[in-house]
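Here are the chains, one letter per residue:
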Amino acid sequence: MPRPPDPLGDIDLEVFREEGRRLVDWVARYLAGAEGYPVLPRVRPGEVKASLPASPPRGPEPLRDILEDVERLILPGLTHWNHPGFFAYFANSSTAPAILAEMLAAALNANGMLWKTAPAATELEVVVLDWLRQMLGLPAGLFGVIQDTASTSTLVALAAAREAVPGLEARRRGLSGQARLRMYASEHAHSSVDKAGIVLGIGQEGLRHIPVDAQYRMSPAALKAAVAEDRAAGWIPFAVVATAGTTSTTSIDPVPALADVCAREGLWLHVDAAYGGSAAVEPSLRFVLDGCDRADSLVLNPHKWLFVPVDLSVLYTRKPEVLRAAFSVVPDYLRTAEEAVAPNFMDYGVSLGRRFRALKLWMVMRAFGQEGLASRIREHVRLAGVFRSWVEADPAFEVVAPSPLSVVCFRARFAGVPAEEEDRRNQGVMDAVNATGEAYLSHTRLDGRTVLRLAVGNIRTEERHVRRAWDLLREAAASRR
Ligand code: PLP
């Protein structure tokens, strides 16, 4: 017999219970069988949109119908980041404790803008970020705050760096009419640094890209020279963004030497370890964060390589008071009696309302333990090493950059053809592999040439998936010779 509708218009809780159980079953089947889906969907732009009604429903629709449409209309149009053949960009994956935590966070709906609006969420965030700090081997006393993405973490860090410029008072006076600020990052720094400059009024001209060495690491000598040249030309140098694990090659900038330059020059040092930082949960890979104890701020993304689904980025700083000075604006309605004794995380970033993201990190850290997380990271680095050894052993391919972590940059060789044609064929090799639906790789440009990347980072990736990608790559390259 049909149940009477919920008086609030929400889904009846008995239906919720029943459909929720079915959904959990579905998710378990999906995760177990993710490799059965094509990793890249076979859709053309506009196709999914065209399959959906153009106007919203006027009345309620049964939950069962809605969920069926997810499977029928949405799923075929998704790129499956959970697919073990996902080797593009930086792979990431969802894990069971994090999925349950996301559901709980939505149910609890705690908004952690102030301690008072979510005391336990605030204090769990403090604790979980201190646990993570310990797992990474970072020094005590760091302040941590969760942001949505690394782009936001870097924006917030650079806003603090701007606030720290003596006499500038950018927060109060704005930047118009003032001397121009300059920050520095390597030629391989992520585009989020450019974007932070755009948002903060530093402008794209205010970001100077510093040349790299043969291993794609920022040159401290070139940084020093650039700072001196800019000062002489009237710029105000204020910050350096070092990268520990660049997007193209995962190169690691020499943070200790860059920290020396920053200390001498009075520059804020922000380290973008969005991808690389997670590796430090494995003690033998702690070199990735060498020198980061001297950074003013550091970002890493558990949503890249710590098995937490998007979004969750962690910003650490030795100078939380500067972040607060940059961001704290407390209208009367947000004043609380506890503000002197407990953190209000709204003071350390742009957004006021904050999702309960700490829950998923806490649940993942507890369900895996440090050893569980470290063993996955070790395995990914091993798999990248195995792939690299296959590429190195095959004269029809070449490795084109060092692989300090879990990414291999390589290309197929096509003897006797000009560089542009070789680039074009490599692009063709990648497109052909991606079209199989069994693997998904992405490309980059290095030294003006097209390069393919195989990034291991999905928790479900096994050696057989890497082997399959390699077989597909060899077939695709052979058919273009
Ligand atoms: N920094 C690095 C080195 C990255 O590789 C990326 C993205 O891949 C980012 C920052 C931006 O990360 P998010 O998507 O969290 O903003």
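A short tour of the structure in this document, coming up. (Residues numbered from 1 in each chain as written. Predicted model: local features only at pLDDT ≥ 70, side-chain atom pairs only at ≥ 80, totals over all residues. Heavy atoms only, no water.)

Side note on the packing of aromatic side chains
This structure, assessed with the given rule, holds 16 aromatic pairs. Seen in terms of ring centroids, F90 and Y275 are 3.9 Å apart; in terms of plane orientation they differ by 0 degrees. Their pairing is stacked. Within this pair, whereas F90 is found in the loop between α3 (63–74) and α4 (96–108), its partner Y275 is found in the loop between β5 (268–272) and β6 (297–300), the two being separated by 185 residues in sequence. Accessibility assignment for this pair places F90 and Y275 in one class, buried. Note on F143 and F345: the rings are 6.1 Å apart at their centroids and 45 degrees apart in plane angle, and the pair reads as tilted. Taken together, the residues F143 in strand β1 (residues 143–147) and F345 in the loop between α12 (320–327) and α13 (358–393) connect sequence positions 202 residues apart. F143 gets classed as buried once you look at its relative accessible area, which sits at 16%. Exposure remark for F345: the relative accessible area of 2% places this residue in the buried category. Chaining the aromatic ring pairs together yields one cluster made of W81, F86, Y89 and Y440. (Phe/Tyr/Trp six-rings, centres within 6.5 Å; stacked < 30°, edge-to-face > 60°. Helix = DSSP H or I, 4+ residues; strand = E, 2+ residues; numbered from the N terminus. Buried < 20%, exposed > 50% of the residue type's maximum accessible area, 1.4 Å probe, protein only.)

What to know about the site of the ligand
Neighbouring the ligand are 13 residues, the closest being A150, S151, T247, D272 and N301. S151 is positioned such that a nitrogen or oxygen atom in its side chain is 2.5 Å from an oxygen atom of the ligand. In the model, an oxygen atom of the ligand is placed 3.3 Å from a nitrogen or oxygen of the H303 side chain. When the free accessible area of the ligand is taken as 390 Å², the share hidden by the protein chains comes to 85%. For the shell around the ligand, the secondary-structure elements that each account for two or more residues are α6 (150–163) and α11 (302–305). A class-by-class count of the residues in the shell around the ligand yields three nonpolar, eight polar and two charged. (Near = heavy atom within 4 Å. Polar contact = N/O pair within 3.5 Å; in protein donor to acceptor, adjacent residues only side chain to side chain. Areas by Shrake-Rupley, 256 points an atom, 1.4 Å probe, with all protein chains shown as cover. Nonpolar A, V, L, I, M, F, W, Y, C, P; charged D, E, K, R; others polar.)

A word on a negative patch on the surface
There is a patch of like negative charges on the surface, built from E61, D65, E68 and E71. One can find D65 in helix α3. Accessibility expressed as a relative area gives 36% for D65, which makes it partly exposed. (Patch = residues over 30% accessible without salt bridge, like charges linked within 9 Å, V, L, I, M, F, W, Y side chains within 5 Å. Salt bridge = Lys/Arg side-chain N within 4 Å of Asp/Glu carboxyl O. Lys, Arg positive; Asp, Glu negative; His and termini not counted. Charge placed at Lys NZ, Arg CZ, Asp CG, Glu CD.)

Some points on the sheet that holds strand β9 (residues 407–412)
In spatial order, the strands read β8-β9-β11-β10; together these four strands make up an open sheet with antiparallel pairing. Strand pairing shows two members of the sheet lacking a second neighbour, β8 (397–399) and β10 (442–446), which therefore form its edges. Within the sheet, the average angular offset between the axes of one strand and its neighbour, ignoring direction, is 40 degrees. As paired elements, β8 and β9 share three bridges and run antiparallel to each other. Looking at β9, one finds that F397 is bridged to A412. Across the face of the sheet, helix α14 (residues 419–435) comes into contact with β9, β10 and β11 (449–455) while running at roughly 30 degrees to β11. (Pairing = 2+ DSSP bridges. Axes fitted to C-alpha atoms, helices over the stretch in contact; angles between N-to-C directions. Contact = heavy atoms within 4.5 Å.)

Observations regarding the nonpolar core
Counting residues in each nonpolar core, the largest one holds 71 residues, and the members touching the most others are L136, L269, V271, L289, Y316 and L361. No other element matches α13, which puts eight residues into this core. If sequence neighbours within four positions are ignored, V271 has contacts with A242, A244, V255, C292, A295, S297, L298 and V299. Grouped together as the second largest cluster of nonpolar side chains are 32 residues, L155, M183, L200 and F238 included. (Core = buried A, V, L, I, M, F, W, Y, C linked by side-chain atoms within 4.5 Å.)

Some remarks on α14
Between its first and last C-alpha, α14 extends 24 Å over 17 residues, near the 24 Å set by a 1.5 Å rise per residue. For α14, the full list of buried residues reads E421, E422, D423, N426, G428, V429, M430, V433 and N434. If you follow the buried residues of α14, they end up packed against β9, β10, β11 and α15 (463–478). Positive backbone phi, at 80 degrees, marks G437, one or two positions downstream of α14. (Expected span 1.5 Å × (residues − 1).)

A closer look at the environment of R411
Locating R411 in the fold gives a position in strand β9. If near-sequence neighbours (up to four positions away) are discounted, R411 is found in contact with F397, E398, V400, E422, N426, R449, T450 and V451.

Brief notes about the packing of helix α5 (residues 119–136) against α13
Relative to each other, α5 and α13 sit at 25 degrees, their axes nearing to 10 Å. Judged on the interaxial angle alone, α13 and α5 are roughly parallel. You can see that α5 and α13 cross each other, and the crossing is left-handed. On α13, the residues that touch L124, E125, V128, L129, W131, L132 and M135 of α5 are A358, L359, L361, W362, M365, R366, G369, Q370 and L373. For the contact of α5 with α13, a count of residues per class yields 12 nonpolar, two polar and two charged. (Parallel < 35°, antiparallel > 145°, perpendicular 65-115°, else oblique. Left-handed = near helix turned anticlockwise from the far one by under 90°.)

Some points on the pairing of strand β4 (residues 236–243)
Among the eight residues that make up β4, seven are buried, leaving the element largely enclosed by the rest of the structure. In this sheet, β4 lies alongside strand β2 (residues 181–186) in parallel orientation, the contact comprising five bridges. Counterpart to R182 in the pairing with β4 is P237. Where β4 lies against β5, five bridges are found, and the strand directions are parallel. From the neighbouring strand, V241 faces β5, where its bridge partner is H270. Remark: the β4/helix α10 (residues 255–265)/β5 crossover connection has right-handed handedness. (Right-handed = clockwise from strand over helix to strand, strands pointing away.)

By themselves, these observations are geometric and do not establish any function.
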